[in-house]
Amino acid sequence: MHSDELQVKNLKVAFSSPQGDLIAVNGISFQIEKGETLALVGESGCGKTVSALSILRLIPEPPGKVLGGEIFLSDRDLLRLSPKEMRDLRGNDIAMIFQDPLASLNPVLTIGEQIIETLLRHTKISRSEATKRTEELLRRVEIPSPSQKMKNYPHQLSGGMRQRVMIAMALSCSPKILIADEPTTALDVLIQLQILDLLKQLKEETGMSILLITHDLGVVRAVAQRVLVMYAGDIVEVSPMHALMKTPLHPYTQGLIESLPSQSASKNRARLPAIPGVVPSLGQRPGGCPFHPRCAKVESRCREKFPELKELEPGRWARCFVAERGR
Amino acid sequence: MGALFRGGKGSMKNSISETPLLEVKRLQKYFHAKQNNGARGGEILKAVDDISFTLRAGEALGLVGESGCGKSTTARAVLRLVEPDAGDVFYKGIDMLKLCPEEMRFLRKEMQIIFQDPLAALNPKRRIRDILSEPFIIHGVTDMDFRQKSIAGLLQKTGLSEDQLARFPHEFSGGQLQRIGIARALALNPRLIVADEPVSALDVSIQAQIVNLLSDLKENEGIAFLFISHDMGVVEHFCDRVAVMYLGKIVEMATAQSLYAKPRHPYTLALMAAVPSLRDEVQVQKVITGEAMDTTVFAKGCAFQARCPIKEKQCEDISPTLKEIAPGHSVACHLSE
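The structure displayed is predicted, hence computed values, not measured ones. (Residues numbered from 1 in each chain as written. Chains lettered and ligands numbered in written order. Predicted model: local features only at pLDDT ≥ 70, side-chain atom pairs only at ≥ 80, totals over all residues.)

Here four strands make up an open sheet; going across it, the order is 2-1-4-5 (chain B) and the pairing antiparallel. Unpaired on one side and paired on the other, strand 2 (44-56) and strand 5 (94-95) of chain B mark the two borders of the sheet. (Pairing = 2+ DSSP bridges. Helix = DSSP H or I, 4+ residues; strand = E, 2+ residues; numbered from the N terminus.)

Each partner contributes to the interface: chain B provides 33 residues, whereas chain A provides 35 residues. For the side of chain B that touches chain A, the secondary-structure elements that each account for two or more residues are helix 8 (204-221), helix 9 (232-238) and helix 11 (266-273) of chain B. Examining the composition of the side of chain B that touches chain A, we find that nine residues originate from one element, helix 8 of chain B, more than from any other. Looking at the side of chain B that touches chain A residue by residue, the class counts come to 14 nonpolar, 13 polar and six charged. (Contact = placed C-beta atoms within 7 Å. Nonpolar A, V, L, I, M, F, W, Y, C, P; charged D, E, K, R; others polar.)

This part covers helix 8 of chain B. The end-to-end C-alpha distance of helix 8 of chain B, which contains 18 residues, comes to 26 Å, matching closely the 26 Å that a straight helix rising 1.5 Å per residue would cover. Positive backbone phi, approximately 65°, marks Gly222(B), located one or two places after helix 8 of chain B. (Expected span 1.5 Å × (residues − 1).)

Before going further, it helps to spend a moment on the nonpolar core. In terms of nonpolar packing, the biggest core is built from 186 residues, with Leu40(A), Leu211(A), Leu212(A), Leu226(B), Phe227(B) and Val244(B) touching the most fellow members. At eight residues, helix 7 (residues 159-171) of chain A tops the list of elements feeding residues into this core. Those residues within four positions of Leu40(A) in sequence are excluded, and the remaining contacts are Lys48(A), Ser51(A), Ala52(A), Leu211(A), Leu212(A), Ile213(A), Leu228(A) and Met230(A). (Core = buried A, V, L, I, M, F, W, Y, C linked by C-beta atoms within 7 Å. Buried ≥ 20, exposed ≤ 12 C-beta atoms within 10 Å, placed from the backbone.)

Turning next to the sheet that holds strand 5 (residues 76-77) of chain A. Residues and elements named next belong to chain A. Across the sheet, four strands lie side by side as 2-1-4-5; this open sheet has antiparallel pairing. Every interior strand has two partners, whereas the edge strands, strand 2 (20-33) and strand 5, have only one. By the bridge criterion, eight bridges tie strand 1 (residues 4-17) to strand 4 (residues 64-73) in an arrangement that is antiparallel. Bridge pairing links valine 8 to isoleucine 71 in strand 4. Lying over the sheet, helix 1 (residues 48-55) contacts strand 1, strand 2 and strand 4, oriented at roughly 70° with respect to strand 2. (Axes fitted to C-alpha atoms, helices over the stretch in contact; angles between N-to-C directions.)

Right under this line is the structure:
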């Protein structure tokens, strides 16, 4: 437990609505180890972003609320910190980057000014020192001619460059944990590789942990060491990355991998093995195992009982009756 | 007019006909960026720069490349949704660029487009029934019985149900909205569909459903597709032939089989390496440096030279042309031999 950087226990998050509380995150537990890249994978609405935002206490309340759970960073429970303590922690201990860097950057300030502002807010250094540090940071994220680029406004940069700026800003206070929410989804494939490569390299250099949120298994494959798969607010599978890709335990994970046209098992088939049906919306979570209406291996007990997340192999957990029996 | 709605049934099954449905020759579209003071005469952006290809009935041609490479502009110029600056577009031998708006509207029945964001493509204030009726109304189909029957047929083909007709777009998920967008495109029995990133905005598990639906339409109805995507995996699965675009030009064009078996252009290689197998433990991912700049950067030589891992001296001076190096496989690269 001491090598864990962050520990999430029984986190439960809901959004209030006219139909009552809608559970977005259904009591999930996981830990991020020091220096690890942990991927949180799932489709839209599965609760992956809500989980990450809860760690930083960025869920808008109301309508959102954390119903229960604990989030430990060293010995401190983040859910019990005051707003002031939380403000100091954000950026310093945990930083976050988002899918759309253009929306996260201030359009009327130069990028240099925005990073300097961050540094002045969080550290006790002079403005000229901050300017120097900013230039260093931009060089570190491989932005060409950083002293000139500092004077640019966000709209003058490409999507890839903007995401580099966001990463520079996130790194400015040397956080222990970087939360990256779909950091490359809006980027072209080749730029995506560059950014993932950069994240990997920075992680090696700084020893920080990365919580990577994505729907893209290719991205997971490129950078993650361990993977959590979420479906309808639950963690359905936890596994080291290579094992997950090779022999996924949960039928949902199997379906996700199989339905990718680029994966060899499905190549040259006339039809892709699609997962039927749709992801349930928040208010319409099916009883029993929430995946059972779409599951190819459904049995009668799946409709009635909610399976537990069980360790089926060392380090590999799945929430599925069928996978359990297969062991 | 009725013949148009009944045509094509069954006769096309599984066969790609030899005469081209669409022939595009030396298509060109430049955009003139404004100067800082708003006056014309700024930089010229060569969005589509001398592009030629053919598309046969029942065939799917993939247009792949990064954003800004001109793939969407090419497709839009073909449909005359933007007017090309130069070049020819022949549809069933008809010179499309010479048609007047009235003639063009008549021809458009046979060519439809589906978009990346289906919610943005559907009118939020109209019910699905109205959205699906509109193509018939625009093209003067007044026979209510025929309309009803056609709509029922569209629902069945696209996996939607009758009780969804009274609902509004916001009540549907992304995958269902894309089905509605496809149903609307199918209403007038098109022969050509431009699909502009039709599955990019969808969840992984839904993507496969929509790709399967499009495959069915291609096989069973003999519809030709101009399929725009940045996803090399989807393109390999769906398309018969593929054209890889970089900064307004086609840099490689081949049958999907030939292209994926032996990609020749370094840019194509890079795109393919970006979607490696999930299962292989060892991964060969070569990170290509730099970004696609606008075409004004290089006055001469190959547009890919700044990012190319195998660049030579001649690439800086001479712009390579598209050459056939194997039957049906063309590449624009000095070093591809």
